[in-house]
Amino acid sequence: MTEAFREEIAGLGAVELARRLIGAELVVRGAGGLVIETEAYAQEDPASHSFRGPTKRNASMFGPAGHAYVYRSYGIHLCLNVVARPGEAVLIRALEPLAGLDLMQARRGSAPLCSGPGRLAQALGLRIEDDGAAFDGGDFAIALPDGRPELLVGPRIGISKAQEVPWRFGLAGARGLSRPFVRRRP
């Protein structure tokens, strides 16, 4: 990962990283955009894959910060996460597409391209083999925003446990969120 990204996320938990990733530029093999929606998952969180400890499937969540945790959701869609502290990760729920639009359209067909974690993974061309990849500026890159954009905050989506936890974050005013937020200030 780039030195600036490594220094910026050192020691951050999933909630802090989820907030910090809003407005970041994320690129995977030439396709990407602006991160506009995230969700945080911590080890003590019953909705997290890491809640019961390390397994073969979630091993990347216990690896180094700034690496990808890629998994298949419900046997259908891949999902992209950025690892924070061991056992904690941030699900990237939506991007505003900015780079490699032709690649994304070829992979997804019609719009919306990156609204929702499954669509986003398909548009970026993610593979299960990408699990554990470093956001090092090569195939996977993240550049954090200079400032702190205005955030939307709400409960996470599509989970059955800890549904009320307000660990979903969005970029205020962004189009392309996976679902609308009930407007609240962080």
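Since the model is a prediction, treat every value here as computed from it, not as a measurement.

Novice: Teacher, can you tell me more about the pairing of strand 3 (residues 68-73) here?
Specialist: Across a regular strand the side chains alternate sides, sitting on one face of the sheet and then on the other. The buried fraction of strand 3 amounts to five of the six residues, a majority that puts the element mostly inside the structure. Of the strand pairs in this sheet, strand 3 and strand 4 (residues 77-83) are connected by six bridges, and their pairing is antiparallel. By the bridge assignment, tyrosine 71 is partnered in strand 4 with cysteine 79. Counting the residues between successive antiparallel strands, the hairpin from strand 3 to strand 4 contains three residues, one of them, tyrosine 74, with a positive phi of roughly 55°.

Novice: Got a minute to help me understand the side chain of serine 178 in this structure?
Specialist: In this structure, serine 178 sits in the segment after strand 8 (168-171). Within the structure, serine 178 has its side chain in polar contact with the side chain of arginine 93 (distance 3.1 Å). When neighbours within four sequence positions are excluded, serine 178 is seen to be in contact with Glu37, Arg93, Ala94, Ser115, Gly116, Ile157 and Arg168.

Novice: Whenever I open this one, the nonpolar core confuses me. Can you help?
Specialist: Most often, soluble globular proteins keep nonpolar side chains buried together rather than apart. Ranked by size, the top nonpolar core spans 48 residues in total, and within it Leu21, Leu26, Leu80, Ile92, Leu124, Phe135 and Ile142 carry the most contacts. Not counting chain neighbours up to four residues away, the residues in contact with leucine 80 comprise Leu26, Ala68, Tyr69, Val70, Val90, Leu91, Ile92, Leu120, Leu124, Leu126, Phe135 and Phe140. Core analysis: the second largest hydrophobic core is formed by eight residues, Tyr41, Tyr69, Cys79 and Val83 among them.

Novice: Help me understand helix 2 (residues 14-21) in this model?
Specialist: The α-helix winds at 3.6 residues per turn, so residues separated by three or four positions along the chain end up facing the same way. Every buried residue belonging to helix 2 is among Ala14, Leu17, Ala18, Arg20 and Leu21, and all of these are buried. The arc enclosing the buried residues of helix 2, seen along the axis, measures out at 165°, which places them on a common side. A positive phi of about 90° marks glycine 23, the residue just after helix 2.

Novice: Help me understand the packing of helix 3 (residues 101-108) against helix 4 (residues 117-124), please; the structure alone is not making it clear to me.
Specialist: A pair of packed helices is captured by two measures, namely the crossing angle of their axes and the spacing between those axes. Here helix 3 crosses helix 4 at 115°, and the two axes come no closer than 7 Å. For the pair helix 3 and helix 4, the sense of crossing is right-handed. Note on element contacts: helix 4 touches helix 3 through Arg119, Gln122, Ala123 and Leu124, opposite Met104, Arg107 and Arg108. Broken down by class, the residue content of the contact of helix 3 with helix 4 amounts to three nonpolar, one polar and three charged.

Novice: Is there a simple way to explain the side chain of asparagine 81 in this structure?
Specialist: By the secondary structure assignment, asparagine 81 is in strand 4. Its relative accessible area of 3% is what places asparagine 81 among the buried residues. At 3.3 Å, the side chain of asparagine 81 and the backbone nitrogen of leucine 91 are in polar contact. Beyond its immediate chain neighbours, meaning those up to four positions away, asparagine 81 contacts His67, Ala68, Tyr69, Tyr71, Ala89, Val90, Leu91 and Phe135.

Analysis parameters
Residues numbered from 1 in each chain as written. Predicted model: local features only at pLDDT ≥ 70, side-chain atom pairs only at ≥ 80, totals over all residues. Heavy atoms only, no water. Buried < 20%, exposed > 50% of the residue type's maximum accessible area, 1.4 Å probe, protein only. Helix = DSSP H or I, 4+ residues; strand = E, 2+ residues; numbered from the N terminus. Pairing = 2+ DSSP bridges. Polar contact = N/O pair within 3.5 Å; in protein donor to acceptor, adjacent residues only side chain to side chain. Contact = heavy atoms within 4.5 Å. Core = buried A, V, L, I, M, F, W, Y, C linked by side-chain atoms within 4.5 Å. Arc of directions from axis to C-beta. Axes fitted to C-alpha atoms, helices over the stretch in contact; angles between N-to-C directions. Left-handed = near helix turned anticlockwise from the far one by under 90°. Nonpolar A, V, L, I, M, F, W, Y, C, P; charged D, E, K, R; others polar.

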